[in-house]
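# Coordinate analysis (summary)
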Amino acid sequence: MKELFVIMVSAVLVDNVVLSQFKGICPFLGVSKKMRNSVGMGAAVIFVMICATLVTYPVYKFMLLPFGVEYLKTIAFILVIALFVQMVEIILKKLIPPLYKALGVYLPLITTNCAVLAVTITNIDEEYTLAQSITNALGTGLGFTLALLLFSGVRSRIEDSDIPETFKGVPATLIAASIVSLSFMGFSGLF
Amino acid sequence: MSNLHEFTKGLIKENPTLVTLLGMCPTLAVTTMASNGIGMGLATTFVLLGSNIVISLLKNVIPKAVRLPCYIVIIAGFVTAVELLLKSYLPALHSALGIFLPLITVNCIILGRAEVFASKNKLLPSICDALGMGLGFTLSLFTMGSIRELMGSGQWFGIQIIPESFDNMMIFIMPAGGFFVLGCVIAAVNKLAKKKPPKEIGCTGCPHYSACAKAGLTESDGVNAAEKEA
């Protein structure tokens, strides 16, 4: 139990997926403009990460490992994730329309979110058990959401401030991200 | 002539990282050293070249509805090949790039070029496009890596440049430094090119542009769409 707690906290804070591991930067910069979009995107990412872990773990353990083709995991995982996301989209649309309305629009964007593929590969590389893998996926997803939420707050302040012409737009956003990332460095050495 | 244009446009004018702002994750993550930047850039160039060739040849075979999964599988195949090659011939680089090697699969530059260029053009222009974009990516990674290595550890390609008696600014090789240097490099490129900085993360080159627009996340018509919905 203690071990799971350590994995969780380090995934959310110490090794934050966006701010210290640089995964999922595109959605982080693209979707963090509005608080509402950030929440939707974050929830969709948490959901897909956990489900992708649940799907890829058995695929690796029972399909790739017995045949000695572990090196195919990149192909197998991305294919499984892409198929899975498509399937979830269709199922949600049919069965739970309100949830589809809330999360559905974000789903196609998540297939190529590198954070999702990274979580599934990390779980295998670190030789986590299923429980540890799910904890790691949940923690990473929460960390992503946290970073997105914090940053959408920061960004709304940049919009109105007076900055040099050359730095307006993307450069200012990146430098703001650097300061947010600096604050997360305070968590390093927590364990 | 036009092939030459396809090649040169990726180097500076449409540089994938600095101008169209794609593939930010590896740009930030592996550029703590100039040599890692070059290694990552060349690995990506190889994958981009392979996938552009195959996709350009198969463009009439792949059904439109399932094209993205098809592209991803083709790309993942080349990534696996690069992974295995690097593991056996350049193990040091393989461990330095770590998880970002398999993550080339989901690099938006590659999928973006497949969607925007290779699936619509003949073989030769696609090859030129892949080489230009790949080298442009390598160039920006090299620039980022050089700045961060020089400031952060006083070295360049492992050679001591700044005397050891000076304290290094460790912050530059930490994550926060990555964001900061990239922001400054983009600002510098804008200043030199004497043009307005990109207001938004370049969405048109992204393979998910249409999905994003539908979700109301892009600036142009998106924000209004999201507000209308609310």
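Please read these numbers as outputs of a predicted model, since none were measured by experiment.

### With respect to the overall build of chain A
Broken down by element type, chain A carries 9 helices and 0 strands. In chain A, which comprises 191 residues, the share counted as buried stands at 53%. In chain A, once contacts between residues fewer than 6 apart in sequence are set aside, the share between residues at least 24 apart is 76%. Carbon and sulfur atoms provide 69% of the accessible area of chain A, an area that totals close to 8600 Å².

### What to know about the overall build of chain B
Counting secondary structure elements, chain B contains 10 helices and 2 strands. Overall, chain B shows an N-to-C arrangement of helices and strands of α-α-α-α-α-α-α-β-β-α-α-α. With 230 residues in all, chain B has 50% of them scored as buried. Element-wise, carbon and sulfur atoms account for 69% of the exposed surface of chain B, whose accessible area totals about 10400 Å².

### Points about unusual backbone geometry
Note: most residues except glycine have negative phi, and most peptide bonds are trans. Residue and element names in this part refer to chain A. Despite not being glycine, Phe 22 has its phi angle at roughly 55 degrees, a positive value. If you trace the backbone, Phe 22 turns up in the loop between helix H1 (2-14) and helix H2 (25-31). Residue classification places Phe 22 among the buried residues on the basis of a relative accessible area of 4%. Phi angles above zero are rare outside glycine, and Glu 127 is one such case at about 55 degrees. Considering the arrangement of structural elements, one finds Glu 127 in the loop between helix H7 (114-125) and helix H8 (130-160).

### Some points on a nonpolar patch on the surface
All names here are of chain A. Taken together, Met 87, Ile 91, Leu 95, Ile 96 and Leu 99 make up a surface patch of nonpolar side chains, about 480 Å² in accessible area. Counting residues per element, the nonpolar patch draws most heavily on helix H4 (residues 73-95), at 3 residues. Relative to the helices and strands, Leu 95 resides in helix H4. For Leu 95, a relative accessible area of 66% puts it in the exposed group.

### Quick look at the side chain of Ser 126 of chain B
Residues and elements named next belong to chain B. Here Ser 126 shows up in helix H7 (residues 123-153). Judged by relative accessible area, Ser 126 falls into the buried class, the value being 0%. Within the structure, the side chain of Ser 126 is placed 2.8 Å from the backbone oxygen of Lys 122, a separation counted as a polar contact.

### Description of the pattern of salt bridges
Residue and element names in this part refer to chain B. All told, the structure shown has 6 salt bridges over all chains when counted by the stated rule. One salt bridge in this structure joins Glu 6 and Lys 9, with 2.6 Å as the shortest N-O distance. One end of the pair, Glu 6, and the other, Lys 9, are both in helix H1 (residues 2-9), 3 residues apart, so they sit about a helical turn from each other. Measuring nitrogen to oxygen at the nearest pair gives 2.9 Å for the salt bridge that ties Asp 129 to Lys 9. Here the residue Asp 129 occupies a position in helix H7, and Lys 9 occupies one in helix H1, the gap between them amounting to 120 residues. Under the relative-accessibility criterion, Asp 129 is labelled buried at 0%. For Lys 9, a relative accessible area of 6% corresponds to the buried category. What emerges from the salt-bridge pattern is a single network uniting Glu 6, Lys 9, Arg 113 and Asp 129.

### Points about helix H6 (residues 108-118) of chain B
Structurally, the α-helix is built with 3.6 residues per turn, so residues lying three or four positions apart point the same way. The element H6 of chain B is largely enclosed, with a buried count of 10 among its 11 residues. Three or more residues of H6 of chain B are buried, namely Cys 108, Ile 109, Ile 110, Leu 111, Gly 112, Arg 113, Ala 114, Glu 115, Phe 117 and Ala 118 of chain B. Buried residues along H6 of chain B sit in contact with H2 of chain A together with H1, helix H3 (34-57), helix H4 (67-89) and H7 of chain B. Of the residues that open H6 of chain B, the one with a side-chain oxygen 2.9 Å from the backbone nitrogen of Ile 109 of chain B is Asn 107 of chain B.

### Re the interface of chain B and chain A
Of the residues lining the interface, 51 residues belong to chain B; the matching set on chain A comes to 47 residues. Buried area between chain B and chain A, both sides added, is near 4300 Å², and the carbon and sulfur share of it is 77%. For the pair chain B and chain A, the interface holds 3 residue pairs in polar contact (both at pLDDT 80 or more). Contributions of two or more residues to the side of chain B that touches chain A are made by helix H2 (24-29), H4, H6, helix H8 (175-193), helix H9 (209-214) and helix H10 (222-229) of chain B. With 11 residues, the top contributor of residues to the side of chain B that touches chain A is H8 of chain B.

### With respect to the nonpolar core
With 99 residues, the main nonpolar core has Ile 25, Phe 28 and Met 41 of chain A together with Phe 100 of chain B as its most contacted residues. Residues in contact with Phe 100 of chain B, not counting those within four places in the same chain, are Gln 21, Phe 22 and Lys 23 of chain A together with Cys 25, Pro 26, Ala 29, Val 30 and Met 40 of chain B.

### So, the packing of aromatic side chains
Across all of its chains, the model carries 8 aromatic pairs over all chains by this definition. With centroids separated by 5.6 Å and ring planes inclined at 65 degrees, the aromatic side chains of Phe 184 of chain A and Phe 187 of chain A adopt a geometry described as edge-to-face. In this structure Phe 184 of chain A comes out as buried when scored by relative accessible area, which is 7%. Members of the aromatic cluster, each reached through a chain of ring pairs, are Phe 142, Trp 156 and Phe 157 of chain B.

### Comments concerning the environment of Asn 37 of chain A
Its location among the elements puts Asn 37 of chain A in helix H3 (residues 35-64). Taking the C-alpha atoms as reference, Asn 37 of chain A lies 9.3 Å from Leu 149 of chain A; in sequence the two are 112 residues apart.

### Quick notes on the packing of H3 of chain B against H6 of chain B
All names here are of chain B. Two numbers describe how H3 lies on H6: the axes approach to 10 Å, and their chain directions differ by 30 degrees. Judged on the interaxial angle alone, H6 and H3 are roughly parallel. You can see that H3 and H6 cross each other, and the crossing is right-handed. Touching Thr 44, Val 47, Leu 48, Ser 51, Asn 52, Ile 55 and Ser 56 of H3 are Ile 109, Ile 110, Arg 113, Ala 114 and Ala 118, all from H6. Here the residues of the contact of H3 with H6 sort into 7 nonpolar, 4 polar and 1 charged.

The rules we used
Residues numbered from 1 in each chain as written. Chains lettered and ligands numbered in written order. Predicted model: local features only at pLDDT ≥ 70, side-chain atom pairs only at ≥ 80, totals over all residues. Heavy atoms only, no water. Helix = DSSP H or I, 4+ residues; strand = E, 2+ residues; numbered from the N terminus. Buried < 20%, exposed > 50% of the residue type's maximum accessible area, 1.4 Å probe, protein only. Contact = heavy atoms within 4.5 Å. Areas by Shrake-Rupley, 256 points an atom, 1.4 Å probe, with all protein chains shown as cover. Patch = residues over 30% accessible without salt bridge, like charges linked within 9 Å, V, L, I, M, F, W, Y side chains within 5 Å. Salt bridge = Lys/Arg side-chain N within 4 Å of Asp/Glu carboxyl O. Polar contact = N/O pair within 3.5 Å; in protein donor to acceptor, adjacent residues only side chain to side chain. Buried area = accessible area lost by both parts, 1.4 Å probe. Core = buried A, V, L, I, M, F, W, Y, C linked by side-chain atoms within 4.5 Å. Phe/Tyr/Trp six-rings, centres within 6.5 Å; stacked < 30°, edge-to-face > 60°. Axes fitted to C-alpha atoms, helices over the stretch in contact; angles between N-to-C directions. Parallel < 35°, antiparallel > 145°, perpendicular 65-115°, else oblique. Left-handed = near helix turned anticlockwise from the far one by under 90°. Nonpolar A, V, L, I, M, F, W, Y, C, P; charged D, E, K, R; others polar.

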